[in-house]
Every structure is written in structure tokens, then in C-alpha cells.
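As a plain string of letters, each chain reads:
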Amino acid sequence: MNKSEFKNIIINIPKAELHIHIEAVITLGSVKKLYKKRFGEAMSKENQASLFAYEDLNGFIQSFLKIQDLVSSEQDFDLIFDDLKKYLLNNGITYCEAFFAPTAFLKKGFDYGKMVEIFHKNIVSIKEETGIIIKLLMDVSRTFGIDNALHNYELLKQYPCEDIIGIGLGGAEQKGAAAEYEKVYNLALSEGYKAVAHAGEDVGPKSIWDAVDILHAQRIGHGITAIQDEKLMESLKERQIPLEVCITSNTFTKAVVKKASEHPVRAFFDKGMLVTINTDDPVFFKTTLLDELWICHKELNFSMDEIKQLIKNSFTASFLSDKEKGDWCKKVDQAF
């Protein structure tokens, strides 16, 4: 089976994506529109090349912040959500839990309440137009420290929104150990919010241990350095704590693997760990969910039955109700 044939099959299967950043789904066309609005002139080829020039995780994060800086008003999120809608439709994604990172926008003086209103308006509109369900997780961010994370969490409580179901911890792991954010995670979980955390992306297994044992994270973003700790893999398997795996992203950062065929997701799956497949930042890594699933099939020798299981895993690992998870898994079986 070639890539085109594979995609023609998989696009028609209901899918969930659980690790994707809304600012990183934006298209190049929208980036150019935002640039012109922000600076009053067309984006040069040199500026475009510079924006997407990075060789490691920290370089990528700086480019991510530059994209955020192009957003000059709360209304610009309409453009971002329009691109998100197109991405979800183009990949046959029916349910999505996406990250949004408010800190950079708040530092620019954005009104959080207005942002949330625009998020909700777009999410409702997308569901009405397409049937696609979107939920959001606030990235409290390790990049700016614990006080900033607590401030973001207070805004989450101050402006409740049914679309925002919990918190995440993004940013460069080397700049903020998971354990430092215990207070905000304890608050969120005690007050009924969901909690996930990026861990084990470019830092060793201890980061994952801390995320699950200190933060009590319900899912782990990336988690690939678990391959270095047999005891940790056994623990993740026994507790069925999901990993949000992003193969192309992990290959780019080269922290653990340099090519897709070496990715530990194959070993995790074979061991019985609950792994899901995601894109992380589609525009930055030039990938889609269909591409990531093709990599699993082509480079990591996942059979079509195993691809089906990976797709079902994403619903199982989501924050949907047990009934909704079961219903979606049945629809996956029927579609196959």
C-alpha cells in the first residue's frame, strides 16, 4: 500500500488528536496576513525563512513565540481557529483536545476574558458547521515560572468556560522541572480540572516520574525517555497512563531519536503501554495526523489492525466520558 492509498482509507476513519498547539496549526497564508497587519508591510522571503529556521527544541520554542507575537489582537484568534477547523477536516479528526498558551498574549496586554469569548464562539461555530468537538487545555507554561503558572490558573477559574477542561505544562523541560509546579497541579485537580504535562521530551525519565508521582498528571506529553527506564515503562503500563507521542516532533529535536524508524513508540505499544499518535505543531514540523499514522505504518511496521488500535487509543486516552469513548471506538471499528 502506498501513502496515497493509506491516506484515502484513514481519512474516513473517525480520529482524535490529543497533543496539538492551536497557534502551531496556523497556515503560512495566515502567518503572512498577521505579519502584514502587525508591521504594515508584506513579509519578505528572508523573514519567512528566518521564522522557520531552528535546529533544536529551544530554537523551535523561540520561533513559536515569534508566531505568537504576530497575533496583535484578540480577534486574530478567529484566523487561528479557521485554520484549526481546516486542519481537523483535512485529517478526518472528529474530536480534539488542544493546548493554548496565554502567557505571551497576556504580557502584550490582551484581555483574557475576550480571548475566552472568541475561543468559545469559534468552538461552537465549528461544531455546528462540522460536528467536530474541540476542548482546550491551558498551558500554564514552565517557561515563565510557577508564579506565572498560578496567575494563569487563577484566570482559568475567574473566567470559567465549558470548552477549557484543564491545564498542561509546556515549554522547555530544562528550564523548569515538573516538580516545581506541584502547587498549581494540586489546585487544578482538587477543583475538578484535568491535568496533563509535557515530560520526557528532551529530559530523562525523572521528569516523567515527577509528572506522574508529584503532579499526578493524567497524561504525559511525549514521554519518550521512558524507554531509558524499564521500571518506569512497567509503571506506565500498569497504571495505563497515556503517552501523547509526536514522532516527527521527537525526531526533529533529536533528544532521543534521530529518525522515525528508531522511535520508541513501537516498543511502548508492544509492551502494552497506552500510546496515542499526535502532531504537536503541524506547521513547524510540516506534518499532519495522517502523515504521523503513515509513519507508524511505513517506518515502524504497524499493521492496519494496529493502526486501528492506535486510533482507538486516542479516544480511550481522551477526557471524554466512558460512554462517549466506547461509542467512538465502535465507530472506528465500523469504519474500518
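Here, the structure is the one placed above.
Let us look at the structure shown here.

About the thresholds
- Residues numbered from 1 in each chain as written.
- Predicted model: local features only at pLDDT ≥ 70, side-chain atom pairs only at ≥ 80, totals over all residues.
- Heavy atoms only, no water.
- Helix = DSSP H or I, 4+ residues; strand = E, 2+ residues; numbered from the N terminus.
- Rg over C-alpha atoms; globule rule 2.2 N^0.38 Å.
- Buried < 20%, exposed > 50% of the residue type's maximum accessible area, 1.4 Å probe, protein only.
- Contact = heavy atoms within 4.5 Å.
- Pairing = 2+ DSSP bridges.
- Right-handed = clockwise from strand over helix to strand, strands pointing away.
- Axes fitted to C-alpha atoms, helices over the stretch in contact; angles between N-to-C directions.
- Parallel < 35°, antiparallel > 145°, perpendicular 65-115°, else oblique.
- Left-handed = near helix turned anticlockwise from the far one by under 90°.
- Nonpolar A, V, L, I, M, F, W, Y, C, P; charged D, E, K, R; others polar.
- Salt bridge = Lys/Arg side-chain N within 4 Å of Asp/Glu carboxyl O.

A word on the overall build of the chain
- A tally of helices and strands in the chain yields 17 helices and eight strands.
- Whereas a compact globule of 336 residues would reach a radius of gyration of roughly 20 Å, the chain reaches 19 Å, a difference of no more than 12%.
- For the C-alpha atoms alone, the extent of the chain along its principal axes is close to 50 × 45 × 40 Å.
- Relative to its 336 residues, the chain shows a buried fraction of 58%.
- Within the chain, contacts between residues at least 6 apart in sequence are counted, and of these 76% link residues at least 24 apart.

Here's the deal with the pairing of strand β3 (residues 133-139)
- The buried count for β3 comes to five of seven residues, which makes it a mostly enclosed element.
- The pairing of strand β2 (residues 93-100) with β3 spans six bridges and is parallel. In the sheet register, Tyr-95 faces β3, and the bridge partner there is Ile-133.
- Where β3 meets strand β4 (residues 164-168), four bridges bridge the pair, whose relative direction is parallel. Its bridge partner lying in β4, Met-138 is registered against Ile-167.
- Tracing the backbone out of β3, into helix α8 (residues 146-158) and back to the parallel element β4 gives a crossover that is right-handed.

A look at the sheet that holds β4
- Taken in spatial order, the eight strands line up as β1-β2-β3-β4-β5-β6-β7-β8 in an open sheet, and their pairing is parallel. Because the sheet does not close on itself, it has two edges, and the strands there are β1 (15-17) and β8 (275-277). Looking at each pair of strands side by side, their axes are set apart by 25° on average, direction ignored.

Considering unusual backbone geometry
- If you check the backbone angles, Ser-141 has positive phi at about 75° while not being a glycine.
- Along the chain, Ser-141 turns up in the loop between β3 and α8.
- For Ser-141, a relative accessible area of 5% corresponds to the buried category.
- Look at His-216: it is not a glycine, yet its phi comes out positive at around 60°.
- Here His-216 is to be found in the loop between α10 (205-213) and β6 (219-222).

Looking at the packing of helix α16 (residues 304-316) against helix α17 (residues 322-335)
- Here α16 crosses α17 at 160°, and the two axes come no closer than 9 Å. By the criterion of interaxial angle, the relationship of α16 to α17 is roughly antiparallel. Note on packing geometry: the crossing formed by α16 with α17 is right-handed. Here Lys-308, Ile-311, Lys-312, Phe-315 and Thr-316 of α16 come into contact with α17, specifically with Lys-325, Trp-328, Cys-329, Val-332 and Asp-333.
- Residues of the contact of α16 with α17, tallied by class, amount to five nonpolar, one polar and four charged.

A look at the pattern of salt bridges
- Enumeration over the complete set of coordinates arrives at 22 salt bridges.
- Lys-3 is the salt-bridge partner of Asp-291, the closest N and O atoms lying 3.2 Å from each other. Remark: Lys-3 occurs in helix α1 (residues 3-10) and Asp-291 occurs in helix α15 (residues 289-298); sequence separation between them is 288 residues.
- A residue is classified by how much of its surface remains accessible, and Asp-291, at 13% relative accessible area, is buried.
- Look at the salt bridges and you will find they share partners, linking Asp-82, Lys-85, Lys-86 and Glu-129 into a network.

Concerning α15
- Among the ten residues in α15, eight count as buried, and that is most of the element.
- Of all the positions in α15, only Leu-289, Leu-290, Asp-291, Glu-292, Leu-293, Trp-294, Ile-295 and Cys-296 are classed as buried.

Any functional reading would require information that these geometric values do not contain.
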